[in-house]
Amino acid sequence: MQNLARWYERERWPYAVDRQIVEEYATWIRTIPWQLFCTFTFASRVSDQQAEKVFAEYINQLEKFYRSDIVYVRGDEKRLSGCGKPASGRHFHALLTSAAPLRPLFVESIWTRMAGKRANGSGASAKPYDSTRNGASYILKMMNHPDGGLALRKLHLFHPEAVLLNKRERRHLSRHRTRQKQFGNTGPPQCHLRP
């Protein structure tokens, strides 16, 4: 007799197609030389729109300070309470990199200044990225969930398979390469330029 999933267990079992999609995305983003694995929480409950606005301003603040583009992949998570599970407000997990060396404590402090610190003391956690761990898959785990999401920005600056199609992207890459030299990074991204 075939084992069938009970209706109350199905939520715990990610569907094979969803797992496959997550792993394909994770494999694709692992080729980027990430600097930090981060978790960002809010001091109080915020709407999805407010969370997006705070994160966008946060990235702007980092770019102003570092005078360099901040490249990220961000996984969005929240969970409504129910079936014995505690609610979890909107929070983000993200991989960050830049031509400039990113300092974890500074990255944490800017977020905490903007989004606040929770009662348990956490607000942000930024750790050096460890490519031997499963950070890319972890960030993407909720991308197929109704209360999850995925956001990414400027991956073409670091991704070896990026194909630049227009003048703006090529100009952006040229500016990025100048910044890499400025910060002592001699390895330019292996983007393919199309005329």
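Treat the numbers as computed from the prediction; the structure is a model and nothing was measured.

### What about the pairing of strand β1 (residues 36-40)?
Move 1: The buried fraction of β1 is high, at four of five residues.
Move 2: Where β1 lies against strand β4 (residues 124-128), five bridges are found, and the strand directions are antiparallel. Paired with Leu 36 across the strands is Pro 128, a residue of β4.

### Points about the packing of helix α2 (residues 48-66) against helix α3 (residues 104-115)
Move 1: Running from N to C, α2 and α3 cross one another at 140 degrees; their axes reach a closest spacing of 10 Å. As the angle between them shows, α2 and α3 are arranged oblique. Between α2 and α3 lies a crossing of right-handed hand. Packed against α2, whose contacting residues are Val 54, Phe 55, Glu 57, Tyr 58, Gln 61, Leu 62, Phe 65 and Tyr 66, the element α3 presents Phe 106, Val 107, Ile 110, Trp 111, Arg 113, Met 114 and Ala 115 at the interface.
Move 2: Residues that form the contact of α2 with α3 fall into these classes: 12 nonpolar, one polar and two charged.

### Details of a positive patch on the surface
Move 1: On the surface, Lys 167, Arg 168, Arg 171 and Arg 175 cluster together to form a positively charged patch.
Move 2: You can see Arg 175 is positioned in helix α5 (residues 167-182).
Move 3: Given a relative accessible area of 40%, Arg 175 falls into the partly exposed group.

### Observations concerning the nonpolar core
Move 1: Judged by nonpolar contacts, the single largest core of 26 residues is most densely connected at Phe 40, Tyr 58, Leu 62, Leu 96, Val 107 and Trp 111.
Move 2: When contributions to this core are tallied by element, the ones reaching two or more residues are β1, α2, β2 (70-79), β3 (88-98), α3 and β4.
Move 3: If one sorts the elements of this core by residue count, α2 sits on top with seven residues.
Move 4: With sequence-adjacent residues up to four places away left out, Leu 96 is seen in contact with Trp 34, Gln 35, Leu 36, Cys 38, Phe 40, Ile 70, Val 71, Tyr 72, Leu 102 and Val 107.
Move 5: If you look at the next biggest cluster of nonpolar residues, it comprises 17 residues, including Ile 29, Val 71, Val 73 and Met 143.

Criteria and cut-off values
- Residues numbered from 1 in each chain as written.
- Predicted model: local features only at pLDDT ≥ 70, side-chain atom pairs only at ≥ 80, totals over all residues.
- Heavy atoms only, no water.
- Buried < 20%, exposed > 50% of the residue type's maximum accessible area, 1.4 Å probe, protein only.
- Helix = DSSP H or I, 4+ residues; strand = E, 2+ residues; numbered from the N terminus.
- Pairing = 2+ DSSP bridges.
- Axes fitted to C-alpha atoms, helices over the stretch in contact; angles between N-to-C directions.
- Parallel < 35°, antiparallel > 145°, perpendicular 65-115°, else oblique.
- Left-handed = near helix turned anticlockwise from the far one by under 90°.
- Contact = heavy atoms within 4.5 Å.
- Nonpolar A, V, L, I, M, F, W, Y, C, P; charged D, E, K, R; others polar.
- Patch = residues over 30% accessible without salt bridge, like charges linked within 9 Å, V, L, I, M, F, W, Y side chains within 5 Å.
- Areas by Shrake-Rupley, 256 points an atom, 1.4 Å probe, with all protein chains shown as cover.
- Salt bridge = Lys/Arg side-chain N within 4 Å of Asp/Glu carboxyl O.
- Lys, Arg positive; Asp, Glu negative; His and termini not counted.
- Charge placed at Lys NZ, Arg CZ, Asp CG, Glu CD.
- Core = buried A, V, L, I, M, F, W, Y, C linked by side-chain atoms within 4.5 Å.

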